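Given next are the chains, with one letter for each unit.
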Amino acid sequence: RLSPTGCPVSANAAAFDPFTGPYQQDPPSSLRWSRDEEPVFYSPKLGYWVVTRYEDVKAVFRDNITFSPANALEKITPFGDEANAVLAKYDYAMDRTLVNEDEPAHMPRRRALMEPFTPPALAHHEPMVRRLVREHVDRFINNGRAELVDEMLYEVPLTVALHFLGVPEEDHETLRRYSVAHTLNTWGRPAPEEQVAIAENVGKFWQYAGKILDKMREDPSGPGWMQYGIRLQPEMPDIITDSYLHSMMMAGIVAAHETTALAATNAIKLLLEHRTLWEEICDDPNLIPNTVEECLRFSGSIIAWRRVATKDTKIGDVEIPKGGKLLIVNTSANHDERFFDNPDELDIRRENASDHLSFGYGAHQCMGKNLARMEIQIFLEELTTRLPHLELVPDQEFTYLPNTSFRGPQQLWVQWDPAKNPERTNP
Ligand code: HEM
C-alpha cells in the first residue's frame, strides 16, 4: 500500500483503526510504536495523516495558516444518501464557528467574544458551580454507592454550560441524546443503519439551536455568551454572522459541556485508581490545581483534533500534500517521553503538567479552559472534603463511545461507607 505521496505504508500504519481495539482501550499506549518509529504516518483506513509526537503536534497547532482548522467539525466518516437526506430535511448547515474558522476571519471574532471568558467574568460563575456540586453530592451522600456520571458529572457541567451560554434549561435527557449524536456524527464511524438515527438527532439539535437563537434575538439582554454575541452583531455584522451564531449555538453546547463532563470523569477515575494520590489531595487541597492539570495531561477528554494542509509541506521529514488531512493526537503528545519525564506515571506534583496539549495550542487554544479547570477543581474539592473515603466499585468495566476525539467512561461507579462520612463523624 502507498500513501498519497507515494510512500509505502507500514504494517502498523495500515492496521491503525481509531474506532475499535487498542486506541479505544488506551489511546496513548496504542500509539507508542508511532511515537518511537513513525511519528507521522498515513492511515489508509482513516484517510488521514496521524501525528503523535509532542513537538510535532504542538507545531501543527501553532501554524494555523499551513494547517487550517477548517475540517475540525467535518464528518470523519461520510454518511450515505439516506442519512444525508435526513440532515437536508432539517436544513442542517453546521458551518464555521471559531474552532474551524480560518484567518483572517477567526482572530477578530475570537477577540470580540473573549471578554466573558476572562478571569473576572468567570469568577461570577464560581458560587453557582459550587452550589450545584454541593446539591448533587447532598442527593447521594447517604447512599453509600453512586454512578457519578449520571448522578452528577454529566448534569453539573451541562447546567453550567447552558448558564454560561445563556440557554434556558432544557430537558437534560434530550440534550444528552443530541450530544451523543453530534459526537458520532462528527468523530465516529457509525454503520449505515445507525447513521439515519444519528442524522435525525443531529437535525433536531440543529433546529433546536435555531429556535433558541430566534428567541434570544427577541430579547438579547441576558448575561449569556450567546446574547453577548447577538448584541455585538449590529456593530460587526461581517464578523458575527448569522451562520456563526446558529452553528455556535449548537457546537457551543457540546464544547462547553461534554468536554468538561468527560474530563471530570477521567480525573476522578484516575485519582481513585491511584489511591495514595487521592489521599494526598484529601490531606492537602492546595495540590488540587496542579492535580487537575496532571489529570488533563494523563487522560484529557479531547484526545485528537484535526487540521488540513493548505499547501505542500513537511512535518519532520514526512511530506504532506496540499489538502492532506491530519489527525493530531494530543493525548499521544501528552505521553511523549521526549517531552514529559516518565509520562505514564501520574505525578500530581509534575512541574510542567500544564504544558499538556489537551486544550490545543496557539490561536485556537480552548477559550473555555479556565471555566473547565474551575469546574473540575470544585468537583475534586467537594468530593475530597465530603467523601474522602470514596473508592471505585471493583471489577467494573469502563466503556467509551467509539470515536476519535471525545473520551471519557460512560459510567463511573463509586462506593463508600456512609457511617464514616466526615459530616456524621465530625459534624
Ligand atoms: C477550542 C478542548 C472546555 C469553548 C478547544 C479546542 C480543544 C478544546 C482541543 C481546540 C483547540 C485548538 O484548535 O488549538 C477542551 C477541553 C475542555 C474544554 C478538553 C474541558 C476539559 C471548554 C468549555 C468551553 C469551551 C467549558 C466554553 C465554555 C471552546 C471554544 C473553542 C474551544 C469557544 C474555540 C476557540 C478558537 O477556535 O478560537 N477546546 N475544551 N471549551 N473551546 Fe474548549
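Described below are features of the structure shown in this document. (Residues numbered from 1 in each chain as written. Predicted model: local features only at pLDDT ≥ 70, side-chain atom pairs only at ≥ 80, totals over all residues. Heavy atoms only, no water.)

1. Describing the sheet that holds strand 4 (residues 145-147)
In step 1: Taken together, the three strands give an open sheet; going across it, the order is 4-10-9, and neighbouring strands pair in antiparallel fashion. With one partner strand each, in any of the chains shown, strand 4 and strand 9 (391-392) form the two edges of the open sheet.
In step 2: Note that strand 4 and strand 10 (residues 413-415) share three bridges and pair antiparallel. Bridging across to strand 10, Arg145 finds its partner in Gln415. (Pairing = 2+ DSSP bridges. Helix = DSSP H or I, 4+ residues; strand = E, 2+ residues; numbered from the N terminus.)

2. Re the site of the ligand
In step 1: The environment of the ligand is made up of 28 residues, and the closest members are His106, Arg110, Arg307, His364 and Cys366.
In step 2: Val99 places a polar main-chain atom, nitrogen or oxygen, 3.3 Å from an oxygen atom of the ligand.
In step 3: Of all the secondary-structure elements, those providing two or more residues to the shell around the ligand are helix 7 (106-112), helix 15 (242-273), strand 5 (305-309) and helix 19 (369-386).
In step 4: At five residues, the largest contribution of residues to the shell around the ligand is made by helix 15.
In step 5: Grouping the amino acids of the shell around the ligand by side-chain chemistry returns 17 nonpolar, nine polar and two charged. (Near = heavy atom within 4 Å. Polar contact = N/O pair within 3.5 Å; in protein donor to acceptor, adjacent residues only side chain to side chain. Nonpolar A, V, L, I, M, F, W, Y, C, P; charged D, E, K, R; others polar.)

3. Description of the environment of Arg1
In step 1: Here Arg1 is to be found in the segment before helix 1 (11-15).
In step 2: For Arg1, a relative accessible area of 68% puts it in the exposed group.
In step 3: In this structure the C-alpha to C-alpha distance between Arg1 and Glu38, which are 37 residues apart in sequence, comes to 16 Å.
In step 4: Every residue in contact with Arg1, bar those within four places of it in the chain, is listed here: Cys7, Pro8, Val9, Ala14 and Pro44. (Buried < 20%, exposed > 50% of the residue type's maximum accessible area, 1.4 Å probe, protein only. Contact = heavy atoms within 4.5 Å.)

4. Points about the pairing of strand 2 (residues 48-51)
In step 1: The side-chain alternation of strand 2 yields two buried faces, one formed by Tyr48 and Val50 and the other by Trp49 and Val51.
In step 2: Across four bridges, the pairing between strand 1 (residues 40-43) and strand 2 is antiparallel. Residue Phe41 lies in a different strand from strand 2, and its bridge partner there is Val50.
In step 3: Between the antiparallel neighbours strand 1 and strand 2 lie four residues, among them Gly47 with a positive phi of about 75°.
In step 4: Bridge analysis of strand 2 against strand 8 (residues 325-328) gives three bridges, and the strand direction is parallel. Across the sheet, the residue bridging to Val51 is Ile328, located in strand 8.

5. As for the coordination of the iron atom of the ligand
In step 1: With respect to protein ligation, the iron atom of the ligand binds only Cys366 (SG), at 2.3 Å.
In step 2: Along the chain, Cys366 turns up in the loop between helix 18 (330-333) and helix 19. (Donors = N, O, S within 2.8 Å, 3.2 Å for Na, K, Ca; no water.)

6. A look at the environment of Ala72
In step 1: Note on placement: Ala72 falls in the loop between strand 3 (67-68) and helix 6 (81-89).
In step 2: Using a relative accessible area of 0% as the deciding quantity, one classes Ala72 as buried.
In step 3: What Ala72 contacts, discounting residues up to four positions off in sequence, is Val99, Asn100, Thr186, Trp187, Trp305 and Arg306.

7. What about the sheet that holds strand 1?
In step 1: In space, the five strands of this open sheet follow the order 1-2-8-5-3, with mixed pairing throughout. Edge positions in the sheet fall to strand 1 and strand 3, since each has one partner strand and no second.

8. Details of the layout of surface pockets
In step 1: Space inside the largest pocket adds up to approximately 340 Å³.
In step 2: Along the walls of the largest pocket sit 19 residues, with Gln25, Asp26, Phe298, Ser299 and Arg407 positioned nearest its centre.
In step 3: Put simply, the parts of the chain that give the lining of the largest pocket at least two residues each are helix 3 (27-30) and helix 15.
In step 4: The residue makeup of the lining of the largest pocket, split by class, is seven nonpolar, seven polar and five charged. (1 Å grid on protein atoms, 1.4 Å probe; cavity = no way out; pocket = protein on both sides within 12 Å on 5 of 7 lines; lining within 4 Å. Points joined across faces, edges and corners; volume = space filled by probe spheres on them.)

9. Side note on the packing of helix 14 (residues 225-232) against helix 15
In step 1: Between helix 14 and helix 15, whose axes approach to 11 Å, the crossing angle comes to 180°. In terms of orientation, helix 14 lies roughly antiparallel with respect to helix 15. Along the contact surface, helix 14 presents Trp225, Met226, Gly229 and Ile230, while helix 15 presents Tyr244, Leu245, Met248 and Met249. (Axes fitted to C-alpha atoms, helices over the stretch in contact; angles between N-to-C directions. Parallel < 35°, antiparallel > 145°, perpendicular 65-115°, else oblique.)

10. Details of the packing of helix 11 (residues 155-165) against helix 19
In step 1: Closest axis-to-axis distance for the helix 11/helix 19 pair is 11 Å, and the angle between their directions is 145°. The two elements helix 11 and helix 19 cross, and the hand of that crossing is right-handed. When helix 11 is examined against helix 19, the residues Val156, Pro157, Val160 and Phe164 are found in contact with a partner set consisting of Leu371, Glu375 and Phe379.
In step 2: Split into classes, the residues belonging to the contact of helix 11 with helix 19 amount to six nonpolar, no polar and one charged. (Left-handed = near helix turned anticlockwise from the far one by under 90°.)

11. Focus on empty space enclosed by the protein
In step 1: Inspection of every chain in the model, using the stated rule, returns two cavities of 30 Å³ or more.
In step 2: In this model, the largest cavity occupies a volume close to 790 Å³.
In step 3: Around the largest cavity, the lining comprises 43 residues; the ones closest to its centre are Val99, Ala255, Thr259, Cys366 and Met367.
In step 4: Taken together, the elements giving at least two residues each to the lining of the largest cavity come down to helix 7, helix 11, helix 12 (172-187), helix 15, strand 5 and helix 19.
In step 5: Counting residues per element, the lining of the largest cavity draws most heavily on helix 15, at nine residues.
In step 6: The residue inventory of the lining of the largest cavity, partitioned by class, reads 26 nonpolar, 14 polar and three charged.
In step 7: The computed volume of the second largest cavity comes to approximately 40 Å³.

From the geometry alone we can't say anything about function, so treat these as descriptive.
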